[in-house]
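# Structural description and commentary
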Amino acid sequence: MAKKLDKVEAVTVGVGWAGGIIAAELAKAGVKVVGLERGNDRSTEDFQMVHDEYRYAIRYELMQDLSKETITFRNKPGEKALPMRQFGAFLIGTGVGGAGAHWNGDTWFFSPYDFEIKTMTDKKYGKNKLPKEYTLQDWGITYKELAPYYHQFERMAGTSGELNPLRPERTEKYPTPPMKDTPILKSYMDAANRLGLHPFRQPSANISEVYKNPDGETLNQCQYCGFCEKFGCEYGAKSSPNVTVVPTALKTGNFDLRTHANVTGIIHDGNKATGVRYVDTQTGEEFDQPADIVVLTSYTLNNTRLLLQSELGRPYDPKTGTGVIGKNYCYQITAVATGFFKDRFNAAMGAGALGTTLDDYNNDNFDHSDLDFIHGGSITMKQLGKRPINENGAPSGTPRWGKEFKKESIKWFNRSIPVTSQGASMPHKNNYLSLDPTYKDAYGNPLLRMTYDFTEQDHALYDYITARCADILEEMGAEVVEPKELTDHFDIVPAQNDHITGGVIMGADPETSALNNYLQMWDVDNVFVIGASAFAHNGGYNPTGTVGALAYRAAEGILKYRKNKGQLVKRETSNKLV
Ligand SMILES: Cc1cc2nc3c(=O)[nH]c(=O)nc-3n(C[C@H](O)[C@H](O)[C@H](O)COP(=O)(O)OP(=O)(O)OC[C@H]3O[C@@H](n4cnc5c(N)ncnc54)[C@H](O)[C@@H]3O)c2cc1C
Ligand code: SF4
């Protein structure tokens, strides 16, 4: 039987960026918060001298252990989903800091178009631009309303960057200057300018100079060590929850961080949550943690799963289109073209978010009237720092092993680099999350089932945007340019990108969304669900800037809720406020 603990005001499930921000903001305001994190604790000291590609980038030491917890996957409704023992299309973080401990640091604001995508698309292209199977909807918030929280996230994170010429709506400068230029990135910038495009050095949470944030946390200067994506930073130079919001929360004395605490359900009476149940993964002991406010910050998949498993909210049914939990699950397409150059550059140096990008083919920045898709993607050349095991590409036709492969891969290591795009993904009625009817986890709870495939919109956008990536490489003078083709169907195993969204989406109408624009559940007002699970579609940038902005807004909402219980936002159903 579970041991009942003393009640607290708020509990967060998971301590990554979302959980860390909520903990810091509530604890600073005097709220006693318990943070339950299924993984272990870790800090900068744990990452010293650990440039071990095999351990972190191949065996994924910092990620969720799939032998203990996984999902089942299928492409289409009606197929049998099977448990996945290898992820690659996306990786799931675990431990204090979540995936924020080992992210790249690309820190973006979604565009004004993203938040009002349905209204703006209908207005410009007519209501039939996308077939009705695409469950496109507005987010219930505008860019202008979210902008102050974006800036709050940036000030806390110390983001480095420069103005995007196609995004003039910023009201504040970046807290720190852009990252360094490198010869290959400069060549990309020059080529894009010659093509009449609008390149700029992209926003980065690898910090360009020493920075003290408003909470008093100091971030160090990035050393361009190249072991960034999938690694913790040994210099404390990558903005992460571990060096910002978690220490801020702990310093207040109001934050009780409990690691190895795996939450298995939300306890509730149908109308209100009364706490959560968790298992101490080291002893197997079970605890009930009563709380006035429950905040799910356990990432897209577990936010959705915990609600379904706890029977909170209405599960989505793709046949009828009714229900909301599990709805609008989205991925992103990763368009890639690789350029092979005559001249060498230093490919071993780099940083997770060191790159030059452009938005000319992103959002609704170009005319889609004659195109079979909406939206687009940012197009970027990144200099991540190549590592020897994973990145030894050579042009097609080169043998994949033996003497010739060795010779060619050594030749091209410092002469090849990709241009990539993160392409927006539109929600489709058949792409969703639900509970698996067959497979269970170690605690006897059903696994989450993912039903997902690429849509026609994805294929059309991919082909268009890959050609644009290739254009820039041609202009840069690459000897060989190799665009990559999109597979017919989505496969969860090959590496693509780590951005999965939806499942517990926000909106203005409780019939079609699970959360209001403070990320408070419409159906249960003392439950807040924070993360990319709230995105109504996936945009053409990395998600975490938006996750951070939404988390700051949610924290403000929770503090308001403490004073005046009830819904923070009026319900808008069929254009009526109720
Ligand atoms: C390799 C990699 C690179 C990335 N690079 C970028 C990038 O450059 N830019 C960008 O915008 N995004 C990037 N991302 C995505 C980014 O890391 C996530 O958007 C961000 O970390 C999400 O924060 P979160 O707090 O919502 O979730 P997470 O960081 O996943 O944190 C959730 C936490 O909840 C815990 N948890 C889950 N279930 C339970 C449970 N049942 N009980 C208790 N605890 C639980 C987890 O252990 C985890 O610590 C990257 C992701 C990866 C994997
Ligand atoms: S590239 Fe910079 S931010 Fe990334 S791990 Fe190395 S020093 Fe840290």
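All values derive from a computational prediction rather than experimental measurement. (Residues numbered from 1 in each chain as written. Chains lettered and ligands numbered in written order. Predicted model: local features only at pLDDT ≥ 70, side-chain atom pairs only at ≥ 80, totals over all residues. Heavy atoms only, no water.)

### Regarding the pattern of salt bridges
Taken as a whole and judged by the stated rule, the model has 30 salt bridges. Salt-bridge contacts for Asp292 lead to Lys7; the nearest nitrogen and oxygen are separated by 2.8 Å. Pair noted here: Asp292 is in strand β12 (residues 286-296) and Lys7 is in the loop between β1 (3-4) and β2 (8-13), with a separation of 285 residues, a long-range link. A residue is classified by how much of its surface remains accessible, and Asp292, at 31% relative accessible area, is partly exposed. Residue Lys7 is classed as exposed on the basis of its relative accessible area, which comes to 55%. (Salt bridge = Lys/Arg side-chain N within 4 Å of Asp/Glu carboxyl O. Helix = DSSP H or I, 4+ residues; strand = E, 2+ residues; numbered from the N terminus. Buried < 20%, exposed > 50% of the residue type's maximum accessible area, 1.4 Å probe, protein only.)

### Quick word on the nonpolar core
In terms of nonpolar packing, the biggest core is built from 144 residues, with Phe90 and Met450 touching the most fellow members. Considering each element in turn, this core owes the most residues, 9 residues, to helix α11 (residues 544-563). Look past the residues within four positions of Phe90 in its chain and what remains in contact with it is Ile71, Leu301, Tyr329, Tyr331, Met450, Phe490, Ile492, Asn497, Asp498 and Ile500. The next biggest cluster of nonpolar side chains, apart from the first, holds 8 residues, and it includes Tyr113, Leu130, Leu136 and Ile374. (Core = buried A, V, L, I, M, F, W, Y, C linked by side-chain atoms within 4.5 Å. Contact = heavy atoms within 4.5 Å.)

### Description of the site of ligand 1
In the neighbourhood of ligand 1, 34 residues make up the surrounding shell, with Glu37, Ala99, Asp106, Asn302 and Thr544 lying closest. In this structure, a nitrogen atom belonging to ligand 1 sits 3.3 Å away from a side-chain N or O atom of Asn542. In the model, a nitrogen atom of ligand 1 is placed 2.7 Å from a nitrogen or oxygen of the Thr544 side chain. Protein chains bury 99% of the 1,000 Å² of accessible surface belonging to ligand 1 in isolation. Taken together, the elements giving at least two residues each to the shell around ligand 1 come down to α1 (17-28), β10 (261-268) and α8 (299-309). Grouping the amino acids of the shell around ligand 1 by side-chain chemistry returns 12 nonpolar, 17 polar and 5 charged. (Near = heavy atom within 4 Å. Polar contact = N/O pair within 3.5 Å; in protein donor to acceptor, adjacent residues only side chain to side chain. Areas by Shrake-Rupley, 256 points an atom, 1.4 Å probe, with all protein chains shown as cover. Nonpolar A, V, L, I, M, F, W, Y, C, P; charged D, E, K, R; others polar.)

### Structural notes on α11
Look at α11: 29 Å from first C-alpha to last across 20 residues, which is about the 28 Å you get at 1.5 Å a residue. For α11, the buried fraction is high: 15 of the 20 residues fall into the buried class. (Expected span 1.5 Å × (residues − 1).)

### Some words on the side chain of Arg449
Along the polypeptide, Arg449 turns up in strand β19 (residues 446-451). In this structure Arg449 is buried but unpaired, with Asp436 as the nearest side chain of opposite charge at 4.9 Å. If we ignore the near neighbours within four places in the chain, the residues touching Arg449 are Thr72, Arg74, Ala81, Tyr432, Leu433, Ser434, Leu435, Asp436 and Pro437. (Lys, Arg positive; Asp, Glu negative; His and termini not counted.)

### Details of the site of ligand 2
What surrounds ligand 2 is a group of 13 residues, the closest being Cys222, Gln223, Cys225, Cys228 and Cys233. Split into classes, the residues belonging to the shell around ligand 2 amount to 9 nonpolar, 3 polar and 1 charged.

### Thoughts on the sheet that holds strand β14 (residues 333-340)
The pairing of strands in a sheet happens through backbone hydrogen bonds and is either parallel or antiparallel. On the basis of which strands lie adjacent, the open sheet formed by 6 strands has the order β6-β15-β16-β17-β14-β20 and antiparallel pairing. Both outer strands of the open sheet, β6 (200-201) and β20 (480-483), are each paired with one neighbouring strand and no more. Note that strand β15 (residues 355-358) and strand β16 (residues 377-382) share 4 bridges and pair antiparallel. Paired with Thr356 across the strands is Met381, a residue of β16. Lying on the sheet, helix α6 (residues 183-194) is in contact with β6, β15, β16 and β17 (416-423); it crosses β15 at an angle near 15°. (Pairing = 2+ DSSP bridges. Axes fitted to C-alpha atoms, helices over the stretch in contact; angles between N-to-C directions.)

### Topic: the packing of α1 against α11
Packing of α1 against α11 brings their axes to within 9 Å, and their N-to-C directions diverge by 35°. Where α1 crosses over α11, the handedness of that crossing is right-handed. Across the interface between the two elements, Trp17, Ala18, Ile21, Ile22, Glu25 and Leu26 of α1 pack against Thr544, Val547, Gly548, Ala551, Tyr552, Ala554, Ala555, Ile558 and Leu559 of α11. Across the contact of α1 with α11, the residue classes break down as 12 nonpolar, 2 polar and 1 charged. (Left-handed = near helix turned anticlockwise from the far one by under 90°.)

### Quick word on the UniProt feature "domain: Glucose-methanol-choline oxidoreductase C-terminal" (unreviewed entry) in the protein
UniProt marks residues 427-551 with the feature "domain: Glucose-methanol-choline oxidoreductase C-terminal" (unreviewed entry), using the numbering shown here. Helix makes up 23% of residues 427-551 and strand 20%, whereas the separation of the span's terminal C-alpha atoms amounts to 22 Å. (UniProt positions renumbered as here; feature names shortened; annotations may be inferred.)

### A look at the sheet that holds strand β5 (residues 82-83)
The strand order across the open sheet formed by 4 strands is β5-β4-β19-β18, and the pairing between neighbours is mixed. Of all strands in the sheet, those bounded by a partner on one side alone are β5 and β18 (432-440). Where β18 meets β19, 5 bridges bridge the pair, whose relative direction is antiparallel. Residue pairing across strands places Tyr432 opposite Thr451, the latter belonging to β19. Strands β4 (71-74), β18 and β19 of the sheet are contacted by α8, whose axis makes an angle of about 125° with β19.

### A few points about the pairing of strand β9 (residues 255-258)
Judged by which residues are buried, β9 turns out to be one-sided: Phe255 and Leu257 face inward and are buried, whereas Asp256 and Arg258, on the alternate face, are not. With 4 bridges joining them, strand β3 (residues 33-36) and β9 adopt parallel strand pairing. Each residue of the ladder has a partner; that of Leu36, found in β9, is Arg258.

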